Amino acid sequence: MYRFLFVLCCLCTWACSHTPPLPLSPEGTFDTWISGGMVVDGSGQKAYAADLLIQADTIAFVGKVDSSRSRALQRIDARGKLISPGFIDPHSHGDPLRRPVFANFLAQGVTSISLGQDGYSAPFRDFGAWMDSVEQQQPGVNIIPFVGHGTLRELSGVRFKKDVPKEGLDSMLALLSDALQAGAWGMSTGLEYTPGRFAGEEELTALARRIGQADAMIMSHVRNEDDPAMNQSLAELLLQGQHCRVHVSHMKSVYGQGVARAEQLLQLMDSARTQGLLVTADIYPYTASYTTIGIVFPDWARPPVSFSRIRRLKRQQLTTYLEKRITQRNGPEATLFATAPYTGKTLAQVAEEKQKSFTEVLIDDIGPRGASAAYFVMNEDLQKRLMQDSLVMIGSDGSPTMFHPRGYGSFTKVLETHVRQDSLFSLEEAIRKMTSLTAQTLGMPRRGLIESGYIADLAIFTPEALQAKATFAKPHQLSEGMDLVLIRGQIAFQEGEAVTPRFGKVLRKKSSR
């Protein structure tokens, strides 16, 4: 704590000696005055001492407030604390109709989350009607909606077809256009999942063109995240990037190794940028992924194929495949189940308890649809280098219910571990990766920075107090240390709890206010 106070004092001294004179505050009465804090404004520039005045949902002033000129209905004392823009999660999950509070995100300082990821969005033909329903629930955070490519396939009747007939593609394009017109920020793809994995280049190109016409973007869980396939997976996405902005979701290289491999992947994206393509990525600060167990099964054993038939006719072939696949993915000890009755146990532990081989457990007891799990398959050095890249932002890929700590700890862990402990990057750079970089990538006006005229989505905290409490054994523990979170100028989180009423909104692309 003393070290932090010393650093804060140094920051104050630096700010006083290096920051240009701040403007005088305007005359009048404002709703909120946040006083005495150090502002990390989201741009990446050094922290500086300043007050904030808020009127309704908007930052009205950033500077030194003169109490003889400016008054406020409430005053928030931020002495000894940092004030930053509310964090924006570019890739998250959850059902705002069933669980609208999202306290797990608020406790980390997150004020906006992007839903409809990995190719799956709410199965509403009328996307605008779904957004209206969410708005009526008054979510605890702002919702940034994407329409899922897999959902478009389902709603259009295309489903599992590889060769999509013209009428099927026309139906997908019409549904996509309607969603974009209603305010979706783009389309997500999950090309490693069913039914997205059946999509081919012609289909994806047609959808990308329509997205580009709407100045929207594709967020993609790429075709295959295994290291030998990553170059090809990125190349496929970059083809779509010839027609619209593209983004790599939860960037990783499964069982890839080392900084040099990370540099190769980053170079692929850099090269595309030199050709005029707009490509970005997000990442979470854990070396375990999370998804359904179907990810370890071959395509020929996954839906819509009858698994019972595969088990009967191709058992030995399937056994050989699973042995190799699990071994490549660091063995059965590296798969941690999140589904009852195996929750909290590794595949190795379940096999030992059942006195079976791990392949027999997967084939006879679980199958490709029988569980979800965390998979310890990423190399820390590689992932850290990806995270450092200036165009890779922080995301969680988490939810309120997922049995993985990333939904409760990602943003806090970056600040606690990668800023405070191992100095992977500065506090200001970390916050840029959580705020303005994401807002700019999505094309969100008036969010992601602390500036006059911007929406007052804010986080107030003491960095030394932040703790990511979630673990793989107990993933549903709120982060600690976030003092206040404001959404649209209203206190949404304080004293470790989400506040009622809730102030989140559905942010539609046309009007993200």
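Values in this document were obtained by computation on a predicted structure and should not be read as measured data.

Parameters at a glance
- Residues numbered from 1 in each chain as written.
- Predicted model: local features only at pLDDT ≥ 70, side-chain atom pairs only at ≥ 80, totals over all residues.
- Heavy atoms only, no water.
- Core = buried A, V, L, I, M, F, W, Y, C linked by side-chain atoms within 4.5 Å.
- Buried < 20%, exposed > 50% of the residue type's maximum accessible area, 1.4 Å probe, protein only.
- Helix = DSSP H or I, 4+ residues; strand = E, 2+ residues; numbered from the N terminus.
- Contact = heavy atoms within 4.5 Å.
- Axes fitted to C-alpha atoms, helices over the stretch in contact; angles between N-to-C directions.
- Parallel < 35°, antiparallel > 145°, perpendicular 65-115°, else oblique.
- Left-handed = near helix turned anticlockwise from the far one by under 90°.
- Nonpolar A, V, L, I, M, F, W, Y, C, P; charged D, E, K, R; others polar.
- Expected span 1.5 Å × (residues − 1).
- Arc of directions from axis to C-beta.
- Pairing = 2+ DSSP bridges.
- Phe/Tyr/Trp six-rings, centres within 6.5 Å; stacked < 30°, edge-to-face > 60°.
- Lys NZ or Arg CZ within 6 Å of the ring centre and 35° of its normal.

With that settled, the discussion passes to the nonpolar core. Across soluble globular proteins, nonpolar side chains show a tendency to be buried alongside one another. The biggest cluster of nonpolar side chains holds 80 residues, and the ones touching the most others in it are Phe-87, Leu-415 and Phe-461. In terms of residues, this core owes the most to one element, helix α5 (residues 166-182), which gives seven residues. Non-local contacts of Phe-87, meaning those with residues more than four positions away in its chain, are made with Gln-108, Gly-109, Val-110, Thr-111, Ser-112, Phe-411, Leu-415, Ile-431, Met-434, Thr-435, Phe-461 and Met-482. In this structure, Tyr-193, Ile-295, Ala-301 and Ile-310 belong to the second largest nonpolar core, which totals 30 residues.

Our next topic: the packing of helix α7 (residues 227-240) against helix α8 (residues 258-274). Packing of α7 against α8 brings their axes to within 11 Å, and their N-to-C directions diverge by 10°. Put simply, α7 runs roughly parallel to α8. α8 is crossed by α7, and the crossing has right-handed handedness. For the pair α7 and α8, contact is made by Asp-227, Met-230, Asn-231, Leu-234 and Leu-238 and by Arg-261, Leu-265, Leu-268 and Ala-272, respectively. Residues that form the contact of α7 with α8 fall into these classes: six nonpolar, one polar and two charged.

Spanning 17 residues, α5 covers 24 Å between terminal C-alpha atoms, matching the ideal 24 Å at 1.5 Å per step. By the burial criterion, the buried members of α5 are Gly-168, Leu-169, Met-172, Leu-173, Leu-175, Leu-176, Ala-179 and Leu-180. Around the axis of α5, the buried residues are gathered within 165° of arc, so they sit on the same side. Of the exposed residues in α5, the ones pointing more than 90 degrees away from its buried face are Lys-166, Glu-167 and Gln-181. The inward-facing, buried residues of α5 contact α3 (127-136), β9 (147-148), α4 (149-156), β10 (186-190) and α6 (201-213).

This brings us to the pairing of strand β3 (residues 58-63). Burial runs high along β3: five of the six residues are buried. Note: strand β2 (residues 48-55) against β3, five bridges, orientation antiparallel. The residue bridging Leu-53 from the neighbouring strand is Phe-61, located in β3. The turn linking β2 back onto β3 is made up of two residues, and Ala-56 within it adopts a positive phi angle of 55°.

Within this structure, the stated rule accounts for eleven aromatic pairs. With centroids separated by 5.9 Å and ring planes inclined at 10°, the aromatic side chains of Phe-87 and Phe-411 adopt a geometry described as stacked. On the criterion of sequence distance, the pair formed by Phe-87 in strand β6 (residues 87-89) and Phe-411 in helix α14 (residues 406-419) is long-range, its members being 324 residues apart. Phe-411 matches Phe-87 in its accessibility class, with the two residues each being buried. Ring geometry for Phe-376 and Phe-472: centres 4.8 Å apart, planes at 55°, overall tilted. Taken together, the residues span a long stretch of sequence, with Phe-376 in strand β16 (residues 372-376) and Phe-472 in the loop between β18 (458-461) and β19 (482-487) at a distance of 96 residues. Accessibility expressed as a relative area gives 29% for Phe-376, which makes it partly exposed. Among the aromatic residues, ring-to-ring pairing joins Phe-87, Phe-411 and Phe-461 into one connected group. Sitting over the face of the ring of Trp-300, Lys-314 holds its NZ or CZ atom 5.2 Å from the ring centroid. In this structure, Lys-413 is placed above the aromatic ring of Tyr-286, and the distance from its NZ or CZ to the ring centre is 5.4 Å.

Glancing now at the packing of α14 against helix α15 (residues 427-434). With their axes 10 Å apart at the nearest point, α14 and α15 run at an angle of 160° to one another. In terms of their interaxial angle, α14 and α15 are classed as roughly antiparallel. The interaxial crossing formed by α14 with α15 has right-handed handedness. Between α14 and α15, the contacting residues are Phe-411, Val-414, Leu-415 and Val-419 on the first element and Leu-427, Ala-430, Ile-431 and Met-434 on the second. Residue composition of the contact of α14 with α15, grouped by class: eight nonpolar, no polar and no charged.

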